[in-house]
Amino acid sequence: MAKTVIVYFSGYGHTKQIAEAAAQATGAELVEVDAQGDVAEAGWAALDAADAIIFGAPTYMGSVPWQFKKFADATSKKWFTRAWQDKVFGGFTNSASLNGDKQVTLIFLQTLASQQGGIWVSLGLAPANTKGATRSDINNLGGSVGALVQSPADASVDEIPSGDVETVKLYAARVAEIATRLHG
Ligand SMILES: Cc1cc2nc3c(=O)[nH]c(=O)nc-3n(C[C@H](O)[C@H](O)[C@H](O)COP(=O)(O)O)c2cc1C
């Protein structure tokens, strides 16, 4: 089974809750980007050893929070040595609005993976977009590049729509499974 790491930033706990649910469902290891935008040495070691890396970030002001960008810039050390070349990558974002410019964040995550020479995994789940669709359905937000989550602005971390959380779990499993096929 491939080693999968979910590296995430969460300012107010919602993205953390989603990352933890995905890790629990897939056995992935969690690495946190802290409030200063730093990752502990053990976290960097886990990322280096990973076959698959899943980025998780909330959308703040239409893109990743500065802490995640600081982490992204710090990965330039890996870029110089091609240390993350051919790893499998995925990404998810969470924000308060149904749209909220989440796609900008996803494209940022996809671009970061591509800069590192990684293999990006699409969501691979059909959208639930009929009249009868509900927020409990898988991929009700209709993503394709990666997984999308909406945490309503007044929702606690326990009130994130279940369909979105399930979508991230299924996506994390897909990323891990593809990494296993590629890397064993
Ligand atoms: C500084 C800031 C900027 C935000 N910008 C957006 C935004 O552009 N779009 C959106 O839908 N929600 C936005 N939000 C809402 C957050 O994405 C949302 O509350 C999310 O659940 C926070 O995740 P977290 O608890 O992991 O930090 C913003 C929140 C903050 C604090």
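Bear in mind the structure is a predicted one, so any value in this text is a computation, not a measurement.

### Side note on the site of the ligand
Then comes step 1: Around the ligand sit 19 residues in total, of which Gly-11, Tyr-12, Thr-15, Ser-95 and Gly-100 are the nearest.
Then comes step 2: Sorting the residues of the shell around the ligand by element identifies helix 1 (14-26) and strand 4 (88-95) as the ones contributing at least two each.
Then comes step 3: Class assignment of the residues belonging to the shell around the ligand gives a composition of 6 nonpolar, 12 polar and 1 charged.

### Focus on the pairing of strand 1 (residues 4-8)
Then comes step 1: Within strand 1, 5 of the 5 residues are buried, which leaves it mostly tucked inside the rest of the structure.
Then comes step 2: Burial of the side chains of strand 1 extends over both faces: Thr-4, Ile-6 and Tyr-8 are buried on one face and Val-5 and Val-7 on the other.
Then comes step 3: Bridge analysis of strand 1 against strand 3 (residues 52-58) gives 5 bridges, and the strand direction is parallel. Following the sheet pairing, Ile-6 is matched in strand 3 by Ile-54.
Then comes step 4: Sheet topology places strand 1 next to strand 2 (residues 29-32); 4 bridges connect them, and they run parallel. Across the sheet, the residue bridging to Val-7 is Val-31, located in strand 2.

### Some details on the UniProt feature "domain: Flavodoxin-like" (unreviewed entry) in the chain
Then comes step 1: UniProt's feature table lists "domain: Flavodoxin-like" (unreviewed entry) at residues 4-176, given in the numbering used throughout.
Then comes step 2: For residues 4-176, the helix share is 38%, the strand share is 17%, and the end-to-end C-alpha distance is 6 Å.

### Notes on helix 3 (residues 66-74)
Then comes step 1: Buried within helix 3 we find Phe-68, Phe-71 and Ala-72. In an axial view of helix 3, the angular spread of the buried residues amounts to 100°, which keeps them on one side of the axis. Helix 3 presents Trp-66 and Asp-73 as exposed residues on the side facing more than 90 degrees away from its buried surface.
Then comes step 2: Looking at the buried positions of helix 3, the neighbouring elements they touch are strand 3 and helix 5 (102-115).

### Observations concerning the pairing of strand 3
Then comes step 1: With 7 of 7 residues buried, strand 3 lies mostly within the body of the structure.
Then comes step 2: The alternating pattern of strand 3 places Ala-52, Ile-54, Gly-56 and Pro-58 on one face and Ile-53, Phe-55 and Ala-57 on the opposite face, and all of these are buried.
Then comes step 3: Examined bridge by bridge, strand 3 and strand 4 share 7 bridges and lie parallel to one another. For Gly-56, the partnering residue across the bridge sits in strand 4 and is Phe-92.

### Re the nonpolar core
Soluble, globular proteins show a tendency: their nonpolar side chains are buried together.
Then comes step 1: Counting residues in hydrophobic clusters, the biggest one holds 45 residues, and the most contacted among them are Ile-6, Val-7, Ile-53, Ala-172 and Val-175.
Then comes step 2: Elements with a contribution of two residues or more to this core: strand 1, helix 1, strand 3, helix 3, strand 4, helix 5, strand 6 (147-150) and helix 6 (162-183).
Then comes step 3: When residues of this core are assigned to their parent elements, the largest contribution, 6 residues, is made by helix 6.
Then comes step 4: If sequence neighbours within four positions are ignored, Val-7 has contacts with Val-31, Val-33, Leu-47, Ile-53 and Phe-55.

### Some thoughts on unusual backbone geometry
Then comes step 1: Although it is not a glycine, Met-61 sits at a positive phi angle of roughly 50°.
Then comes step 2: Judged by C-beta crowding, with 9 C-beta atoms within 10 Å, Met-61 ranks as exposed.
Then comes step 3: The phi torsion at Asn-139 lies on the positive side, around 55°, for a residue other than glycine.
Then comes step 4: Here Asn-139 lies in the loop between strand 5 (119-120) and strand 6.

Here is what the cut-offs are and how they apply
- Residues numbered from 1 in each chain as written.
- Predicted model: local features only at pLDDT ≥ 70, side-chain atom pairs only at ≥ 80, totals over all residues.
- Near = placed C-beta within 6 Å.
- Helix = DSSP H or I, 4+ residues; strand = E, 2+ residues; numbered from the N terminus.
- Nonpolar A, V, L, I, M, F, W, Y, C, P; charged D, E, K, R; others polar.
- Buried ≥ 20, exposed ≤ 12 C-beta atoms within 10 Å, placed from the backbone.
- Pairing = 2+ DSSP bridges.
- UniProt positions renumbered as here; feature names shortened; annotations may be inferred.
- Arc of directions from axis to C-beta.
- Contact = placed C-beta atoms within 7 Å.
- Core = buried A, V, L, I, M, F, W, Y, C linked by C-beta atoms within 7 Å.

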